[in-house]
Structure formats: C-alpha cells, structure tokens
Amino acid sequence: MKLREDIRNVAIIAHVDHGKTTLVDEMLKQSGTFRTNEQVQDRVMDSNDLERERGITILSKNTAIHYDDTKINIIDTPGHADFGGEVERILLMVDGVLLLVDAFEGCMPQTRFVLKKALGLKKKVVVVINKIDRPGARPAEVVDEVIDLFIELGADDDQIEFPVVFASAKEGYASFDSRDREGDMRPIFESILKEIPAPKGDKEAPLQVLFSSLDYDDYVGRIGVGRIERGTIKKNMSVVLCKTDGTEQNVKVSKLYSYDGLKRVEVEEAAAGDIICVSGIADINIGETACAPECVEPLDFIKIDEPTISMNFIVNNSPFAGREGKFVTSRNIRDRLFKEVETNVSMRVEETETTDTFKVSGRGELHLSILIETMRREGYEFQVSRPKVIFKKDETTGQTLEPMELLSVEVPEEYVGAVIEKLGSRKAELTNMVVHEGGATHLEFSIPSRGLIGYRSEFLTDTNGNGIMNQLFDGYQPYKGDIQTRERGSIIVHETGETSGYGLFNTQERGRLFVGPGVEVYEGMIVGESARNEDIVCNVCKAKHLTNTRASGSDDALRLVPPTNMSLEQCMEFISDDELLEVTPTSLRLRKTILSKEQRMKAQFRNK
C-alpha cells in the first residue's frame, strides 16, 4: 500500500458551539482560498437557511484547501447529538480528526460521543483547545479533562499521545503555547501535515469507492460523495455498483468532481486517497461501493445508531386544510418522507395501517423538528402527533427497555434546587455535581428520554433563561416507571369564528393565551394553556352585546395580556397524546385530535 503524501483527509468534530465552522472559515481565509478583496460572510460553510438562522451545523460539508504542496480535504460536521449519524459515516472518509474543545466549557456530552466514534475507528486525533481568549478560559485544566476522557474511553498508547494546539478561531491565531495571543493558523496546518496520516492506497489496483454522503444538483441529479480506497476512477468509466441489499448494477460515471475551496471542480480522473463526487448514477445510495468490473469487492459500511424517538406525520384534516399549503395529499407527504430517508441515514419512515399516517423515527426532537421546518418551507401542509420514545424488549429477560440520556446542565447556584427537584420527578438520577469558580454549577444526570420531552421550556422558566442544557443518547436501560410530564390542561375553542378582544379578555384569567384578537380559529383548536390540570372550553369569539344603556366604567378599554408566541419545538413539547400540531407554510396551530366536544367526552367515557 503506497502513501499519498500530497493529500490529507481530516474531519473537524466537537460539541455544539465550540467553534468548528468558525475555525474552517479562518483556515479557508488564511490558506488563500479567497481573493484579498473578496467579501465573505461569517460561517461560510453553513450554507443552509436553517443553519444560518439557528447558528448550528445540520449537514456535514466538504471543502479543500492547499497548504504548501499538500491538498487538505476538510469535512465540517454537526455538533448536535441529534445529527450524530452525519458524524459517524463521515469518519469513514478521513484518516484523522481535529477535536475542538472550548477552553471554558471543557469536555461536554457530544465531545465524548464524537471522540468515542473516532477512537473506535482508530483515527488519529489532534486536539485543538479553542476560545483561549474567552473570559474565564482554563486551557490547562481542559487539557487534563481531555486526557481523562481519552483514558475513560479506552484509548490505546498511540492515541493517548495526542498533540495539542491552542487557538482562537474568531481572532484567527493558533499556538502551541496557551499564553500566546497573536499569530496565525500555521500551527494547525503544521499539525495536520505532521500528525494526520497520509491516505494509503494502490493507484494501479482495481477500483474501489465507498460512498458515505449524497448531494443533489438540479442539472445532473443525485451526486455520490465518497473516498477512493484503491485504484483510479475516470470520467465516462463503467463500474459495478454494489448495493446495500447485496445486488449489483452496471453503471457509468458521467461526470467526476473534486473539491477546491468551497466549489466542486470537474476533473478527468482521481486516484486512491481522493475524496470525489460522482454524477450519472441515478439511484445511488449511502453505504454503496463502486468497483471495477473485473474485481467486485464491496466494502463494509458503518452501522448507524438506531433512532430513539418517533412521531406520526398525518394528512391535514382540520377545517382549514388546504388553504395555505401547496402539497397536501398523502402521496405528496409519502414521496417527500421517503426522499428524506435516502440522504438522512439515521431517520426511518414506516407506513401504518391507514394510508394518511406515516411513522417517522429520528435521533431526537431537534432531528425531527428540522425535517418538519424544512418541509414547511417547501410548501407542505400536514399534522404531527406528540413525540414518543421507541421501546425495546430484552430478548433474554423479556424486560421492556427504554432509551436513556446523559443530561449535562450548567446553572447559577440559586437555581440548582429547582432543577434537581423538577428532574427528580422525571426519574432523573444525579450522577455528578461540580461547582465552578464564579458560582456556576455543573450537574450531570442519567434520565429517560421521555422525561426530557416537554422539559426544555420548563427549564428556561425555572432558571430565568440562565441555564445551559445538553443531552446525549446513553443506551437502553430497564423501564423506569410512569412519568407525569405535563401538569396543566389546554384552553380549547368552543366554536369556529374569529377571536375577539372581548372574548379573550374574559378568557385570559383562566390561563396563558397563545393567540391575539382577530385570529381565525375553529372548534377544537387549542388557543392557550389552562391554569388547572384539566382542559377547559372557552368562547374566545364572543362579542360584547350592544345596548342603549351607558354606565361610567362599563366602556373602559380592555387590557389584554400579550399572547405567548410558540416556536415549532415549543409546540411539539406542549401537545399531549390526544392532541396534534397542524403545520402549514405560514401557521402552526395546536388542536385536539377529536375536534367535537361531545365526541371527546364519549371517547373519554369509553376509555375509562
């Protein structure tokens, strides 16, 4: 096996918000990828609208830079645990990783997850302690934390001798000394060339390409992104595609691309070690291998962790159905969901007994909410049910197992009691507690996944918005018992019409409202949260009767409390088992599954 010293393939992995995308920005700028006078927006790798709005990376992205005479292929990966499937398969394309750790926050749950995957695949790790210019930064302590984490995850002697670079991606400098506050990114480039192994592969051997990612282009269709394990691939070359179901298909590579900066550049041929894009194969999928016809040897693809949460996507059948959406039929929704599964490897879609309902399973609430938001923006209209965790049966003991989460919470000292009390009622067990300088307390819990559904908004209320919460899937454990999650009922509309200030004024003292005056509503729609632990039906469309009688004070201006505007995630957390969320391109409406009050009461009576 020959080494290709002119190439390095590296992925950047880290916990969310530790500065991966900002670091890639700076590496692109300092490597001369952009012209000196070129205007470049911040976080240039986050090209998706949702990514830019939320400030997170959702999809992994490829780029390539040139340093000295070496081409460095860089893959920017997501930091959220819900998008862990993206990280897992991308690691197959690289020979080493840059592990970013915040100099203040230290090792977080997702740091553990991505590092565990990288060590399991025997990837070389270069540790970058980022944000060393941040107030309260503690780079020396964080290096010790990283060493402890390597030992805990069972790193071998070679892996534990990792190089450390200290950096501030925002300010554009890196150094091997944590006290330096000037310079450029050269230490990171040097560490990549020195520490990350050059890719191995024989250019003369029969072709073998493993596709780990998919892209799409309106002009050329589906594009497979993968790494050449051995041999050479050429434009217009005939290859055998080894499918994931064991079948083989003769196909032709119509176009071949390589990455250069942020662009895909068409090339005539590429050799072992290169990361390439291939077009012309209509039904290519992730995990498939392209081989030379004379030597068909498919490569094994990594096993992606299973989904933990599911929701039902249902055709919209509310009285306002079809008003705002462009794609509303079950066929439209079915085609879109199955198209998503082709590129989103950690998501599952199942058809149910009814033709208008599809069960969609993902890695977490955020994973599913990103799909819902994306479909909304594309013009789809549908309804979703409350998220539910996916249980398993232990084959040996017959016990019911449920997914568990490792929950990490950072809160000021005065809110610790409220957080521990609330999580205790949701079957959480406190596993670690550390008080940092300045009064911040770090808490770690083991908690059932279902205990976290609907908790985030309560957490923000309990901590006055001062808390930070992160979670990570932590395997399956025996069922922990029933959990009472939502303590309040809903305020339900009595009749179809338009909300009036008078009707809302008489309703607002009975709970928290989600709508203001002049909003169209229908019977069975939810317009607020009740102050009690039961649903109440109110007439929010009621208008004041006009009479000829006048009295002082009777015509005072009505003072309405501003309504609470709920985000998509808050709506998903709010709904209970007998409620649905109606999603359209312009609106989010909460509703009861059974709209009629009489029918709901009959159903409750039958269930008793």
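Cut-offs used in this document
- Residues numbered from 1 in each chain as written.
- Predicted model: local features only at pLDDT ≥ 70, side-chain atom pairs only at ≥ 80, totals over all residues.
- Heavy atoms only, no water.
- Disulfide = S-S within 2.5 Å.
- Buried < 20%, exposed > 50% of the residue type's maximum accessible area, 1.4 Å probe, protein only.
- Axes fitted to C-alpha atoms, helices over the stretch in contact; angles between N-to-C directions.
- Helix = DSSP H or I, 4+ residues; strand = E, 2+ residues; numbered from the N terminus.
- Parallel < 35°, antiparallel > 145°, perpendicular 65-115°, else oblique.
- Left-handed = near helix turned anticlockwise from the far one by under 90°.
- Contact = heavy atoms within 4.5 Å.
- Nonpolar A, V, L, I, M, F, W, Y, C, P; charged D, E, K, R; others polar.
- pLDDT = per-residue confidence, 0-100.
- Pairing = 2+ DSSP bridges.
- Phe/Tyr/Trp six-rings, centres within 6.5 Å; stacked < 30°, edge-to-face > 60°.

Draft legend 1. How the structure looks around the state of the cysteines. All chains considered together, the criterion is met by zero disulfides. Sulfur of Cys277: no disulfide; nearest cysteine sulfur belongs to Cys291 and is 19 Å away. For the unlinked cysteine Cys291, the closest cysteine sulfur is that of Cys242, found at 3.9 Å. Given the relative accessible area of 0%, Cys291 is considered buried.

Draft legend 2. Fine view of the packing of helix H8 (residues 330-343) against helix H9 (residues 365-377). Two numbers describe how H8 lies on H9: the axes approach to 12 Å, and their chain directions differ by 130°. Relative to H9, the element H8 lies oblique. Crossing hand, H8 versus H9: right-handed. Where H8 abuts H9, its residues Ile333, Arg336, Leu337 and Glu340 lie against Leu371, Thr374 and Met375. Along the lines of polarity and charge, the residues of the contact of H8 with H9 split into four nonpolar, one polar and two charged.

Draft legend 3. Structural view of unusual backbone geometry. A positive phi is found at Lys131, a non-glycine position, where the angle reads about 60°. Looking at the element boundaries, Lys131 is found in the loop between strand E5 (124-130) and helix H5 (139-152). Positive phi, close to 55°, is recorded for Asn464, a residue that is not glycine. Topologically, Asn464 is positioned in the loop between helix H12 (455-462) and strand E27 (468-478).

Draft legend 4. Region of interest: the confidence of the model for the protein. When pLDDT is averaged along the protein, the result is 83, and 91% of the positions lie at 70 or above. This model gives residues 35-46 a pLDDT under 50, and the stretch forms 31 contacts once residues within four places in sequence are excluded.

Draft legend 5. Looking closely at the sheet that holds strand E3 (residues 70-76). With respect to topology, seven strands assemble into an open sheet ordered E2-E3-E1-E4-E5-E6-E7, the strand pairing being mixed. The sheet terminates laterally at strand E2 (61-67) and strand E7 (173-175), the two strands that pair on one side only. For this sheet, the mean inter-axis angle between neighbouring strands, taken without regard to orientation, is 30°.

Draft legend 6. Local environment of the packing of aromatic side chains. Under the defined criterion, the tally for this structure stands at eight aromatic pairs. Measuring from centroid to centroid gives 4.7 Å for Tyr67 and Phe189, while their planes differ by 20°, and the two rings are stacked. On the criterion of sequence distance, the pair formed by Tyr67 in strand E2 and Phe189 in helix H7 (residues 186-195) is long-range, its members being 122 residues apart. Taking the relative accessible area as the measure of exposure, Tyr67 reaches 11% and is therefore buried. The exposure class assigned to Phe189 is buried, which follows from its relative accessible area of 3%. Relative to Phe162, the ring of Phe150 lies with its centre 4.5 Å away and its plane at 25°, an arrangement referred to as stacked. You can see Phe150 sitting in helix H5 and its partner Phe162 sitting in the loop between helix H6 (157-160) and strand E6 (164-168), a full 12 residues away along the chain.

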